[in-house]
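Tertiary structure, described
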Amino acid sequence: MSYKYLYLNTNMPEKDEVLKRTPNPAAKELITKLKKEGVPIFLDRFAAQQPQCRFGLQGICCRMCQWGPCTISRKSTHGVCGKDMNLIVMGNLLRALVSGLAAHARHAHEIYLTIMAVRDGTVNIKIKGEDRVFEMAGRLGIEVENRKIEAIAGEIAEILLEDLGKMKKGELRLLEAYAGQENKDLWRRLDILPRSSAYEIMEALHMTTLGACSDWMALVDQELRSTLAYCYSTLFGTSLATEILYGIPRPQKTVVNFGVLKEDHVNILLHGHSPVMVEKILEKIHTPEIQSLARQLGAEGIVLGGMCCTGNELLARYGIPTVTNILGQELAIGTGAVDTVIVDMQCIIPGMKITADCFGTEIITTCRSNRIPGAVHVPFDPEDPGSLDDNALYVARSAVESFGRRKRRNIHIPDYRTEALTGWSYEAILEAFDGADRLVELLKTGKFRGICTIVGCNTPKVAYESGHVTIARELIADGILLTTTGCCSHALLNAGLCASKAAEMTPHDTRVLLENLGIPPVLAVGGCVDNARSLRLFLTLAEAAGLKTHDMPFMFIGPEPGNEKTLGQGVTFLVHGISNTIGFPGHIPQPTVKPSSDNPEELERCSNDVADFFSQDGLINRFGAQVFTEPEPVLAAQIVKMHLHRKRLELRNQGWS
Ligand code: MSK
């Protein structure tokens, strides 16, 4: 059975429907197990929320002051203050985007300060990404002769921190260093160049407060400006700075999925986004002291498994298996085999602790911003990092000691493990294809019909992982190369699409090519901030082809938006000329509703000015890109294929097949 949302042209699945439609058999087993055991999970809470508020779902509810909440309908076309639908929809979108920006900015802040602590010698971390340090120093005009690597890295981090927090006029140094000249000129003409992440967040919140900005188009400009801060100050900044600390990932084989857990081992899950504390904990877990502690407690060894984007980081760098994504966190604990979950920041849902309490799983929090009542809290603070080694050792020991307290009833680990080839950094992708020119040639001759990035969270509004996997299967079957990040990548990894063997799902010529090169058709590039890697790839390929990005057969696909961070991801690609196909539902504009002319009490599905701006001329005129919205995955894949086909037709007179 499904919950019907006709005015949004979709149905949302209830639990039995999820069990029928999820492509993930391990998740199916675990949902069934937890149902039998009476353990509540997200699907039960989702059911209890039905029907969800139609105003909220359509972005036409305003809660930006205490005169409200105000909603838009035939009888109330304006909020109490006089705001109309456009102002409310756009204000909600802007606030959502800068919330996502704030999350990435907090992550970035931790990484930048950690690099400074390395420079100052207050933290015991060895810089592994020397290549990245020199590359960034070159672009930022930093002197490298006769300087220690830590000093150069520290100077880079100072610049990144300024991009993050500068309040005075001046452009982002990283944008200056990494964006193409044509884009920079365009953004300057449009007056959307940002000062810093912090400034744009402040300005966005200010503009949307009661009695501030009444011009929805000015809010659109602030959305675009905040997006450029999001892209360069937090996506590029964090991804590159993490590579400074821990190195640039290289391809490596691994095995993923729920079945990597082992009943007779200590099972530790690593969850969140920032890898700093976790990297140190890994060091400690590999020491003879902690390994022998595990054996003393009767375990055969220690299994480490990744969740969400900390999982993606560790998968990319070390091949540490990922287990699951944001909506699978309760399911992983529901195996009954997880001893400890070590979490840092973001996407750690409160429901996880409810499940953890049912199974006696220990939760250890390591970030001051992400507290959980009842969890052990051992925070990392890059401005007071002296105790990092001691704290990491304490966490490693506690995580292993939980094995001794594990409740041994009701353990069930679904027997599903999936091979994968991961670690696809920007450099690794270009190397694998023998450079940008060669990859452009493969696009031109049609060996690849296009390249898309498919990313984002899961949502309970779609049967678990079905949106991602269905679209990806459809696209690779059409010869389209995919990159993926975030929770979407977990779904595609678990479905086997990131394994070299998946080349057999592609058309003959593409298959021969991929098999010869040993490359899978879906490249898992990393966590949310590593969308910078995919974007950089797109920009490099367009430059190598001598074309504008919006002329290339590229697309951004976000089938299951969840976290507010995903909004900025989509708009990031839009401002670079790359169209979006997004699923349902999310804060990205989609056709909304207006009062029906036949019945003033009814709202009818149609479009509004904000949705029109994003899906039609507004964005096309500025960036040559637009947003398509389609909740049904097979139809969404058709939209992507048509878009890429249209781009290729337009390139025929330039020798494209
Ligand atoms: S973890 S932001 S649920 S992708 Fe980056 Fe997944 Fe979305 Fe969090």
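Residues numbered from 1 in each chain as written. Predicted model: local features only at pLDDT ≥ 70, side-chain atom pairs only at ≥ 80, totals over all residues. Heavy atoms only, no water.

**Focus: the overall build of the chain**
Along the chain, the regular secondary structure elements total 27 helices and 20 strands. Oriented by its inertia axes, the alpha-carbon framework of the chain measures out at about 75 × 65 × 55 Å. For the chain, long-range pairs separated by at least 24 residues make up 75% of all intrachain contacts whose partners lie at least 6 apart in sequence. For the chain, the accessible area works out to roughly 23800 Å², and carbon and sulfur atoms hold 49% of it. Between the centroid of the 69 positive side chains of the chain and the centroid of its 76 negative side chains there is a distance of 3 Å. (Helix = DSSP H or I, 4+ residues; strand = E, 2+ residues; numbered from the N terminus. Contact = heavy atoms within 4.5 Å. Areas by Shrake-Rupley, 256 points an atom, 1.4 Å probe, with all protein chains shown as cover. Lys, Arg positive; Asp, Glu negative; His and termini not counted. Charge placed at Lys NZ, Arg CZ, Asp CG, Glu CD.)

**Some points on the side chain of Thr483**
By the element assignment, Thr483 lies in strand β14 (residues 480-485). Overall, the relative accessible area of 0% leaves Thr483 in the buried class. Of note is the side chain of Thr483, whose polar atom sits 2.8 Å from the side chain of Thr453. Residues within four places of Thr483 in sequence aside, it is in contact with Ile429, Cys452, Thr453, Ile454, Leu523, Val525, Ser534 and Leu537. (Buried < 20%, exposed > 50% of the residue type's maximum accessible area, 1.4 Å probe, protein only. Polar contact = N/O pair within 3.5 Å; in protein donor to acceptor, adjacent residues only side chain to side chain.)

**A few points about the environment of Gly446**
Within the element layout of this structure, Gly446 appears in the loop between α19 (436-444) and β13 (450-454). Distance from Gly446 to Ser657, taken between C-alpha atoms, is 6.0 Å for residues 211 residues apart in sequence. Dropping the residues within four chain positions of it, Gly446 is found in contact with Arg648 and Ser657.

**Some remarks on the site of the ligand**
Around the ligand sit His273, Cys308, Cys309, Ile326, Cys347, Gly456, Cys457, Gly486, Cys487, Cys528, Asn563 and Lys565, and those are all the residues in its vicinity. Residues that form the shell around the ligand fall into these classes: seven nonpolar, four polar and one charged. (Near = heavy atom within 4 Å. Nonpolar A, V, L, I, M, F, W, Y, C, P; charged D, E, K, R; others polar.)

**What about a nonpolar patch on the surface?**
Together, Trp67, Val80 and Leu210 give the surface a local cluster of nonpolar side chains, amounting to about 330 Å² of exposed area. Among the secondary structure elements, Val80 is positioned in the loop between β4 (70-71) and α5 (85-120). Val80 sits in the exposed class, given a relative accessible area of 59%. (Patch = residues over 30% accessible without salt bridge, like charges linked within 9 Å, V, L, I, M, F, W, Y side chains within 5 Å. Salt bridge = Lys/Arg side-chain N within 4 Å of Asp/Glu carboxyl O.)

**Notes on the packing of helix α11 (residues 216-246) against helix α23 (residues 531-545)**
What describes two packed helices is the angle between their axes and the distance between those same axes. Between α11 and α23, the least distance of the axes is 9 Å, while the angle of their chain directions is 105°. Taken as axis vectors, α11 and α23 run roughly perpendicular relative to one another. Mapping the contact onto sequence places Cys231, Tyr232, Leu235, Phe236, Ser239, Leu240 and Glu243 in α11 and Asn531, Ala532, Arg533, Leu535, Arg536 and Leu539 in α23. In terms of residue class, the contact of α11 with α23 is made up of eight nonpolar, two polar and three charged. (Axes fitted to C-alpha atoms, helices over the stretch in contact; angles between N-to-C directions. Parallel < 35°, antiparallel > 145°, perpendicular 65-115°, else oblique.)

**Brief notes about the sheet that holds strand β17 (residues 580-582)**
With respect to topology, six strands assemble into an open sheet ordered β15-β14-β13-β16-β17-β20, the strand pairing being parallel. Of all strands in the sheet, those with a lone pairing partner are β15 (522-526) and β20 (627-629), marking the two edges. Direction aside, the axes of adjacent strands within the sheet are offset by 25° on average. Pairing of β17 with β20 involves three bridges; the strand directions are parallel. The partner of Asn580 across the bridge, within β20, is Val627. Its contacts with the sheet put helix α24 (residues 565-575) on β13, β16 (554-558), β17 and β20, and the angle it makes with β17 is roughly 155°. (Pairing = 2+ DSSP bridges.)

**Quick notes on helix α7 (residues 149-165)**
Over its 17 residues, α7 extends 24 Å from the first C-alpha to the last, a length consistent with the 24 Å expected when each residue adds 1.5 Å. Among the residues of α7, Ile149, Ile152, Ala153, Gly154, Ile156, Ala157, Ile159, Leu160, Asp163 and Leu164 are the ones counted as buried. Residues of α7 that are buried sit in contact with α5, α6 (130-140), α8 (173-178), α10 (197-207) and α11. (Expected span 1.5 Å × (residues − 1).)

**Some thoughts on the pattern of salt bridges**
Summed over the entire model, instances satisfying the criterion amount to 34 salt bridges. Residue Arg317 pairs with Glu313 through a salt bridge whose shortest N-O separation is 2.7 Å. Within this pair, Arg317 and its partner Glu313 are both found in helix α14 (residues 308-318), separated by four residues, close to a single helical turn. Using a relative accessible area of 9% as the deciding quantity, one classes Arg317 as buried. What makes Glu313 buried here is its relative accessible area of 3%. When the shortest N-O distance is used, the salt bridge between Asp357 and Lys353 registers 2.6 Å. Pair noted here: Asp357 and Lys353 are both in helix α16 (residues 350-359), with a separation of four residues, about one helical turn.

**Things to note about the sheet that holds strand β6 (residues 266-272)**
Strand order across the open sheet formed by six strands is β8-β7-β6-β9-β10-β11, with parallel pairing between neighbours. Single-partner strands in this sheet number two, and they are β8 (322-324) and β11 (376-377).

**Some points on the pairing of β13**
As a general feature of sheets, a regular strand has side chains that alternate between the two faces. Summarising burial for β13: five of the five residues are buried, a large majority. Burial of β13 is two-sided: the residues Gly450, Cys452 and Ile454 facing one way and the residues Ile451 and Thr453 facing the other way are all buried. Pairing geometry for β13 and β14, over five bridges, is parallel. Across the sheet, Thr453 pairs through a bridge with Thr483, a residue of β14. Following the chain from β13 across helix α20 (residues 466-476) to the adjacent parallel β14, one finds a crossover that is right-handed. Relative to β16, β13 is paired through four bridges, and the arrangement is parallel. (Right-handed = clockwise from strand over helix to strand, strands pointing away.)

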